[in-house]
Amino acid sequence: MDQTTLLHLDLPRTTPVYGEFEIRGWAASQAPLRRVFVEQPGDRIEFAFYERPDVRAAYPSHPHATGFSGSLTGNFIREHRVAFSVETDAGITVHEVELAPPFLPPAAPPPDFPVTPELKARKLARVAHRMACTRCKHAMPTGREVCPHCGAQFRITPALLDFFTPEQRATIPAVDATPASRGGVDEVMHAIIARHSDGLILDCGAGLKDRVYPNVLNLEIMDYPCTDVRAFNESLPFQDGTFDAVFTLAVLEHVRDPFAAGREIMRVLKPGGMLYSMVPLMVPFHGYPNHFYNMTVEGHKNLYGTALDLLDASVPVSGRPIWGLHGLLTNWLNGLPAAHREEFLDLRVRDVLATSPLEQLKRNYVRLVTPEANMEVAAMTRLIGRKR
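Residues numbered from 1 in each chain as written. Predicted model: local features only at pLDDT ≥ 70, side-chain atom pairs only at ≥ 80, totals over all residues. Heavy atoms only, no water.

Peer 1: How should the nonpolar core be read in this particular structure?
Peer 2: A general feature of soluble globular proteins is that nonpolar side chains tend to end up buried together. Grouped together as the largest cluster of nonpolar side chains are 34 residues, with contacts concentrated most on Leu202, Phe238, Phe243 and Val246. Of all the secondary structure elements, the ones that give two or more residues to this core are helix H2 (117-127), strand E12 (201-204), strand E14 (216-220), strand E16 (243-249), helix H5 (258-268) and strand E17 (269-278). The biggest single contributor to this core is H5, with 4 residues. Counting residues in hydrophobic clusters, the runner-up holds 18 residues, among them Leu7, Phe68, Leu72 and Leu99. (Core = buried A, V, L, I, M, F, W, Y, C linked by side-chain atoms within 4.5 Å. Buried < 20%, exposed > 50% of the residue type's maximum accessible area, 1.4 Å probe, protein only. Helix = DSSP H or I, 4+ residues; strand = E, 2+ residues; numbered from the N terminus.)

Peer 1: I would appreciate a short explanation of helix H4 (residues 187-195) in the present structure.
Peer 2: Quick reminder: α-helices carry 3.6 residues per turn. Residues three or four places apart thus point the same way. Looking only at H4, the buried set comprises Val188, Met189, His190, Ala191, Ile192 and Ile193. Elements that come into contact with the buried residues of H4 comprise E12, E14, E16 and E17. Its side-chain oxygen at 3.1 Å from the backbone nitrogen of valine 188, aspartate 186 defines the N-terminal cap of H4. (Contact = heavy atoms within 4.5 Å. Polar contact = N/O pair within 3.5 Å; in protein donor to acceptor, adjacent residues only side chain to side chain.)

Peer 1: Would you mind going over the packing of aromatic side chains with me for this structure?
Peer 2: For any pair of aromatic rings, the description consists of the separation of the ring centres together with the inter-plane angle of the planes. Overall, the coordinates contain 11 aromatic pairs when judged by the stated rule. Look at phenylalanine 164 and phenylalanine 232: their rings are 4.8 Å apart centre to centre, the planes differ by 55°, and that puts the pair in the tilted class. Note that phenylalanine 164 is positioned in the loop between strand E11 (160-162) and helix H3 (166-169) and phenylalanine 232 in the loop between strand E15 (229-230) and E16, a separation of 68 residues in sequence. For phenylalanine 232, a relative accessible area of 23% puts it in the partly exposed group. Judged by centre distance (6.3 Å) and plane angle (50°), the rings of phenylalanine 344 and tyrosine 365 are tilted. Taken together, the positions of phenylalanine 344 in helix H8 (residues 341-345) and tyrosine 365 in helix H11 (residues 364-367) put the pair 21 residues apart, joining distant regions of the chain. (Phe/Tyr/Trp six-rings, centres within 6.5 Å; stacked < 30°, edge-to-face > 60°.)

Peer 1: Could you clarify how one ought to interpret the pattern of salt bridges in this entry?
Peer 2: Where charged atoms from two side chains of opposite charge come close, those side chains can pair. Tallied over the entire structure, the rule returns 22 salt bridges. In this structure, aspartate 244 and lysine 270 form a salt bridge, with 3.1 Å as the shortest nitrogen-oxygen distance. Within this pair, whereas aspartate 244 is found in strand E16, its partner lysine 270 is found in strand E17, the two being separated by 26 residues in sequence. According to the relative accessible area criterion, lysine 270 is partly exposed, its value standing at 33%. Linked by salt bridges that have partners in common, Arg34, Arg35, Glu46, Glu87 and Asp89 make up one network. (Salt bridge = Lys/Arg side-chain N within 4 Å of Asp/Glu carboxyl O.)

Peer 1: What exactly am I supposed to notice about empty space enclosed by the protein here?
Peer 2: Over the atoms, a rolled probe matching the size of one water molecule traces out where space is still vacant. Enumeration over the complete set of coordinates arrives at 1 cavity of 30 Å³ or more. Computed from the structure, the largest cavity encloses a volume of approximately 30 Å³. In terms of lining, the largest cavity is formed by Val185, Met189, Ile193, Asp203, Lys209, Tyr213, Val216 and Phe247. Here the lining of the largest cavity is built from residues that sort into 6 nonpolar, no polar and 2 charged. (1 Å grid on protein atoms, 1.4 Å probe; cavity = no way out; pocket = protein on both sides within 12 Å on 5 of 7 lines; lining within 4 Å. Points joined across faces, edges and corners; volume = space filled by probe spheres on them. Nonpolar A, V, L, I, M, F, W, Y, C, P; charged D, E, K, R; others polar.)

Peer 1: So what exactly am I meant to see when it comes to the sheet that holds strand E5 (residues 48-50) here?
Peer 2: Paired through their backbone hydrogen bonds, the strands of a sheet run either parallel or antiparallel. Pairing in this open sheet of 4 strands is antiparallel, and the strands run E1-E2-E6-E5 from one edge to the other. Every other strand in the sheet has two partners, leaving strand E1 (5-11) and E5 as the edge strands with one partner each. Across the sheet, the mean angle separating the axes of adjacent strands is 30° when strand polarity is ignored. With 10 bridges joining them, strand E2 (residues 20-29) and strand E6 (residues 64-73) adopt antiparallel strand pairing. Within E6, the position partnered with glutamate 20 by the bridge is threonine 73. (Pairing = 2+ DSSP bridges. Axes fitted to C-alpha atoms, helices over the stretch in contact; angles between N-to-C directions.)

Peer 1: I'm lost on the layout of surface pockets in this one. Help?
Peer 2: If you add up the space inside the second largest pocket, you get close to 970 Å³. Looking at the second largest pocket, it is lined by 26 residues, and the ones nearest its centre are Leu328, Leu329, Trp332, Phe344 and Val352. Among the elements of the structure, helix H7 (321-334), H8, helix H9 (349-354), helix H10 (357-360) and H11 are those that each provide at least two residues to the lining of the second largest pocket. A per-element tally of the lining of the second largest pocket places H7 first, with 6 residues.

Peer 1: Mind showing me how you'd approach the sheet that holds E17 here?
Peer 2: Taken in spatial order, the 7 strands make up an open sheet running E10-E11-E15-E14-E12-E16-E17, and their pairing is mixed. Since the sheet does not close on itself, it has two edges, and those belong to strand E10 (155-157) and E17, each with one partner. Summarising the sheet, E10 and E11 pair through 3 bridges and their orientation is antiparallel. Directly across from isoleucine 156, in E11, lies its bridge partner leucine 161. Across the sheet, H5 touches E12, E16 and E17, and the angle it forms with E17 is around 140°.

As structure tokens, then:
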């Protein structure tokens, strides 16, 4: 084997389920490095270099060392292998890196169906014997609207299990559906839905959907046509170990107590059940109907505690920094008087970074932002109060 160049892949280590994924690794060479790339007929992707002094120190016989990073799509993987080309002044060396099999086999999009009362009734019949009171957590007799243990009252129909008490139901604001209310389905969901085609999956905060899956139960606080069960995430109306998998996608930032929601999700999952969870970090305030928390990846993991055997922690394509930057700039722009928006639009990133924030406080694009927009995109907020 040619040892004039070395290559190691830090990320990923298993074959990804995702259509596009992050790549991170390092290369070291006895000759000056020019580039690291992958290619197939008609397509070549090059990776960016960054400093890796640790690699240079570990391999003194290969003084030309660098980290490389970027993103890749699944069509460059062949039988769990990726061929990386390292080009140096001495030529090109190909390194085949073998990845472990995926923790979740990919699948084609499973068939979905329009929302009908009949389909909803069939789904609810599958879970009716697994319901639990949201107040006392005792098992609920099938079809009963009043808990025999604590007297909590609910609403049960063939097409909707409404597990709000009358008091809880009165707290739900009347909010019209928005584009952000529409829940999508990605390749990870496809794989989990296909894997558990004979099982039962809970979609916590499912949103508004035009088409649904027979094995996915849609839980919401809003009474959308596709909603199967109404309840708060902090108190799920199911017995322990009911579901083969749980989805909670861009939902927990809207939950008043996400730690309680995390505990409930772990409770209703079967042992070995799959969790698919996404929350935002750098996105502006968006209330549907409320927005309480954004989370770092460490905070996200902390919601589930030691009950979760973590298989993957990564940034999806829909969570790349450009989405957060686009949202922040859009809200900032909309918060400026129309007469001062051109000044903001003409700003260059270089100009913003070259001047300290303190020096920019008197600029119109900072000074004239509305209080509402300031709150939506604030770097931090503050509270001052007095104990009752």
